[in-house]
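Coordinates in review
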Amino acid sequence: MAGSTHASAMTDGALWGDARRRLRGNRAAIAAAACIAVLVLAALLGPLASPYAVDHVDWTLSPLASPPSLANGHWFGTDSNGRDLFVRVWTGTQVSLLVALLATAVSVVIGVAWGATAGYLGGRVDGWMMRAVDVLYALPYMFFVIILTVVFGRSLWLIFLAIGAVGWLTMARIVRGQALALRQREFVLAAVALGLPARRIIARHIVPNVLGTVIVYATLTVPQVILFESFLSFLGLGVQEPLTSLGRLVAEGALEMETAPWQLLVPASVLALLLLALNFLGDGLRDALDPRLG
Amino acid sequence: MASDALFEVRDLGVCFTTPRGRVSAVREISLEVRRGECLAVVGESGSGKSQLFLGCLGLLAAGGLVEGSARFDGQELLGPDAGPRRAALGTRLAMVFQDPMNALTPHLTIGRQLAEVVLERGLLDAATARARSLEVLRSVGMPDPEARLRQYPHELSGGQRQRAAIAMALMTRPDLLVADEPTTALDVTVQAQVIDVLRGARDRGLAVVLITHDMGVVAGIADRVAVMYAGRIVETAPARELFAAPAHPYTAALLASVPRLDTPLAARLAGIEGQPPAPGAEPDGCAFAPRCPSALETCHRSRPPLESLGARSVACHAVRLAPGAGP
């Protein structure tokens, strides 16, 4: 028995070192991380590299929608209103990423607090807290968000708040499971024996230990949020002009699919690449941290 | 004698609600610990010695119930008012657990874990907490204390971890330390060092309850010994008298089963035939009777009460304490 506990302690303490090593060995994850880094950099610097503004209509073109060309400076072409697609795609990526990160942050904060408290306290408190999660889970997610956007108008803040408000449910369940397992560990008993209050134990002893799992699921939540926001934009409920997002661009491009295919292909490719890379990275993180989750 | 007692347990019982009904881990325990003394509680695995103290401190797992009285410095810990227990636990009364690998939080540095005990309760400010941490680490014989503060548990050896765990318990300068098998998970040379640490703390006035199944460890530090079998105390005595002249047959068998350096290699290890009864399946009469070489007819029928004479007490039909027994 001493042997097995020794092994788990080694992995726990050396967790981040081991995980970093395992991650570095995972080529797909490294490639994905690099890809994401490139896309983020492009999103931030792209609009600065091009002479065009995001809503500038280039009247010199005829027709207004022109395919990608190095000659006239519209490297990704223009949309049906003559606006430069290169700048719009990267601006849209910025918005999509911002929404995804903020919404994920909201769900992480609420989900971790809820799940860690429920898992640690256990018993009836746990029962009630998780029943609440079950009930909220049953709500039709889509209707809820749509109703919110109709009632409060379509501001950017509202979108990520709405997405985050529903996204915390899965995070809470996952964290609660981890907290339940951690509660049995001897260092929690030792902390209780030293008279530390419950909120202190949850905050300093339980939550940092679930961070590994939280990071993995947060990384996998980001692409889900991007996709959801894209879907909202596709329905016309997402971000409003002159702001744009990858979803809006895809929606607009789909309308012109036959005559101006680049308008769909460019934002769709960026979106697909981003989602793929995020999923690969999330998988890689999960594998890297896995031995500890076991 | 009773007015001197720092920690007094009267008629304590611990039971657990299981799907099979209520199962007793510990029954009718009465003992006391005086200031500055080391009481060793000895017994096999499953004798209930850990549950006894977990129950007193209110640390039982779910489904555990404790009845009886446990008084610390005159205040009842198990009463309807949880105030005295919450006030005492972690400040004047501390507990150290068996496995040092798991008792320390893996992702916090030693320094933070030590300081947490005093900072969380507002007992000291950060600078004083750090000074106290260093002082306590030095008192437990930790090499290079300044470096340890910044290290994580996995960077320490097993013996150092146990010392850190003991140091954490000593941060608030408690009056009583309950050490639950602190040496079991360590190798022999490190065991000796940890016992030295506990002995040093005892010599400085700390009362220690040492829960163990290792008689060698008991010999190294205990002032008094309580022997437990099947959830009950069967003998208590000053340590020297217990080793010199054990009264209860179980104690005698325990001492006889410890291998000695001068035993010839080819000789068989002396054990005790049979198994202790499972909780909930204790026989009528004395629980040790089925395995006892001195068992009488009456032992199988009626359970012997714990009888005291002077500093010793024993629960056995076959043995009578005589005044002045022992060297």
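1. Some points on empty space enclosed by the protein
Per the stated rule, a full pass over the model turns up 4 cavities of 30 Å³ or more. Looking at the largest cavity, its volume works out to about 80 Å³. In terms of lining, the largest cavity is formed by A190 and L194 of chain A together with M95, V96, F97, A103, L104, A165, M168 and A169 of chain B. When residues of the lining of the largest cavity are traced back to their parent elements, those giving at least two are β6 (93-96) and α7 (158-170) of chain B. Considering each element in turn, the lining of the largest cavity owes the most residues, 3 residues, to α7 of chain B. A class-by-class count of the residues in the lining of the largest cavity yields 10 nonpolar, no polar and no charged.

2. A word on helix α6 (residues 141-152) of chain A
Residues and elements named next belong to chain A. Over its 12 residues, α6 extends 17 Å from the first C-alpha to the last, a length consistent with the 16 Å expected when each residue adds 1.5 Å. Along α6, the residues that are buried comprise V145, L148 and T149. In a view along the axis of α6, the buried residues occupy a sector of 95 degrees, so they form one face of it. Projecting away from the buried face of α6 at angles above 90 degrees are the exposed residues F143, I147, V150 and V151. Once α6 ends, the next one or two residues include G153, with phi positive near 80 degrees.

3. Notes on the packing of aromatic side chains
All names here are of chain A. Under the criterion given, the structure shown has 9 aromatic pairs over all chains. Both rings, one in F76 and one in F86, keep their centres 5.0 Å apart while their planes meet at 65 degrees; by these two values the pair is edge-to-face. Here F76, found in the loop between α3 (27-49) and α4 (85-121), pairs with F86, found in helix α4; they are 10 residues apart in sequence, far enough to count as distant. Their ring planes at 45 degrees and their centres at 6.3 Å tell us that F76 and W90 sit as a pair that is tilted. Linking F76 in the loop between α3 and α4 with W90 in helix α4, this pair joins segments that are 14 residues apart in sequence. The structure contains a cluster of three or more aromatic residues connected by ring pairs, namely W75, F76, F86 and W90.

4. Let's talk about the interface of chain A and chain B
It is common to give the size of an interface as the accessible area lost on bringing the parts into contact. Contact residues are listed per partner, giving 24 residues for chain A and 24 residues for chain B. Interface area for chain A against chain B, summed over the two sides, is near 2300 Å², with a carbon-plus-sulfur share of 60%. Looking at the side of chain A facing chain B, the largest losses of area belong to E186, A193 and L194 of chain A, adding up to 27% of the total buried there. Taken together, the connections running from chain A to chain B amount to 3 salt bridges. Between E120 of chain B and R199 of chain A there is a salt bridge, and its shortest N-O distance comes to 3.4 Å. Along the contact surface separating chain A from chain B lie 8 residue pairs in polar contact (both at pLDDT 80 or more). Elements that contribute at least two residues to the side of chain A that touches chain B include exactly α1 (2-13), α8 (186-193) and α9 (198-234) of chain A. Across the side of chain A that touches chain B, the residue classes tally to 11 nonpolar, 7 polar and 6 charged.

5. Thoughts on the confidence of the model for chain B
Residues and elements named next belong to chain B. Here chain B averages 86 in pLDDT, while 97% of its residues score no lower than 70. Model confidence for chain B, summarised as mean pLDDT per element, is weakest for helix α3 (residues 100-103) at 77 and strongest for strand β3 (residues 38-42) at 94. Our summary of model confidence lists the complex with pTM equal to 0.75 and ipTM equal to 0.75.

6. Observations regarding the sheet that holds strand β5 (residues 75-76) of chain B
Residues and elements named next belong to chain B. Here we have 4 strands laid out as an open sheet, ordered β2-β1-β4-β5, and antiparallel in their pairing. This sheet does not close on itself; its edge strands, each paired only once, are β2 (21-34) and β5. Direction of pairing for strand β1 (residues 5-18) relative to β2: antiparallel, over a ladder of 10 bridges. In the sheet register, T17 faces β2, and the bridge partner there is R22. Here helix α1 (residues 49-56) sits on the sheet and contacts β1, β2 and β4 (64-72); the angle it forms with β1, its principal contact strand, is near 105 degrees.

7. Points about the packing of helix α7 (residues 156-183) of chain A against α9 of chain A
All names here are of chain A. Two elements in contact, α7 and α9, have axes whose closest approach is 10 Å; the angle formed by their N-to-C orientations is 155 degrees. Between α7 and α9, the interaxial angle falls into the category roughly antiparallel. The two elements α7 and α9 meet at a crossing, and its hand is right-handed. Of the residues in α9, those touching α7 at I163, M171, I174, V175, Q178, A179 and L182 are I206, N209, V210, T213, V214, Y217, A218, T221, V225, F228 and E229. Of the residues assigned to the contact of α7 with α9, the class counts are 13 nonpolar, 4 polar and 1 charged.

8. A closer look at the layout of surface pockets
By volume, the largest pocket is sized at about 1100 Å³. Looking at the lining of the largest pocket, the elements with two or more residues in it are α4, α8 and α9 of chain A together with α1 and α2 (83-88) of chain B. The element best represented in the lining of the largest pocket is α8 of chain A, accounting for 4 residues. Tallied by class, the residues present in the lining of the largest pocket amount to 19 nonpolar, 7 polar and 7 charged.

9. Quick notes on the environment of Q263 of chain A
Residue and element names in this part refer to chain A. Secondary-structure assignment places Q263 in helix α11 (residues 262-293). You can call Q263 buried: its relative accessible area is 3%. Note: C-alpha distance between Q263 and D79 (184 residues apart in sequence) is 6.1 Å. For Q263, the residues in contact, after removing those within four places along its chain, are A65, T78, D79, S80, L85, L249, G253 and E256.

10. Let's talk about α1 of chain B
Residues and elements named next belong to chain B. Burial within α1 is extensive, with 7 of its 8 residues counted as buried. Buried within α1 we find K49, S50, L52, F53, L54, G55 and C56. Phi turns positive one or two residues past the end of α1, at G58, with a value near 75 degrees.

11. Regarding the nonpolar core
Counting residues in each nonpolar core, the largest one holds 43 residues, and the members touching the most others are V89, W90, V99, I163, I226 and L274 of chain A. Among the secondary structure elements, those contributing two or more residues to this core are α3, α4, α6, α7, α9, α10 (246-255) and α11 of chain A. Among the elements that line this core, the one with the most residues is α4 of chain A, at 11 residues. Excluding anything up to four places from it in sequence, L274 of chain A contacts L39, T93, L97, I226 and L246 of chain A. By size, the runner-up hydrophobic cluster in this structure holds 41 residues, among which are V140, L149, A164 and L210 of chain B.

12. Regarding the sheet that holds strand β7 (residues 176-180) of chain B
All names here are of chain B. Spatially, the 8 strands line up as an open sheet ordered β6-β7-β8-β3-β9-β10-β12-β11, and their pairing is mixed. Two strands close off the open sheet at either side, each with one partner strand: β6 and β11 (307-309). Neighbour to neighbour, the strand axes of the sheet diverge by 20 degrees on average, direction disregarded. Where β3 meets strand β9 (residues 224-229), 4 bridges bridge the pair, whose relative direction is parallel. Looking at the pairing, V42 lines up with V227 of β9. Helix-sheet contacts for α7 involve β6 and β7, and the interaxial angle to β6 is about 165 degrees. Helix α8 (residues 188-203) rests against β3, β7 and β8 (207-212) of the sheet, and its axis sits at about 150 degrees to β8.

The rules we used
Residues numbered from 1 in each chain as written. Chains lettered and ligands numbered in written order. Predicted model: local features only at pLDDT ≥ 70, side-chain atom pairs only at ≥ 80, totals over all residues. Heavy atoms only, no water. 1 Å grid on protein atoms, 1.4 Å probe; cavity = no way out; pocket = protein on both sides within 12 Å on 5 of 7 lines; lining within 4 Å. Points joined across faces, edges and corners; volume = space filled by probe spheres on them. Helix = DSSP H or I, 4+ residues; strand = E, 2+ residues; numbered from the N terminus. Nonpolar A, V, L, I, M, F, W, Y, C, P; charged D, E, K, R; others polar. Expected span 1.5 Å × (residues − 1). Buried < 20%, exposed > 50% of the residue type's maximum accessible area, 1.4 Å probe, protein only. Arc of directions from axis to C-beta. Phe/Tyr/Trp six-rings, centres within 6.5 Å; stacked < 30°, edge-to-face > 60°. Contact = heavy atoms within 4.5 Å. Buried area = accessible area lost by both parts, 1.4 Å probe. Salt bridge = Lys/Arg side-chain N within 4 Å of Asp/Glu carboxyl O. Polar contact = N/O pair within 3.5 Å; in protein donor to acceptor, adjacent residues only side chain to side chain. pLDDT = per-residue confidence, 0-100. Pairing = 2+ DSSP bridges. Axes fitted to C-alpha atoms, helices over the stretch in contact; angles between N-to-C directions. Parallel < 35°, antiparallel > 145°, perpendicular 65-115°, else oblique. Left-handed = near helix turned anticlockwise from the far one by under 90°. Core = buried A, V, L, I, M, F, W, Y, C linked by side-chain atoms within 4.5 Å.

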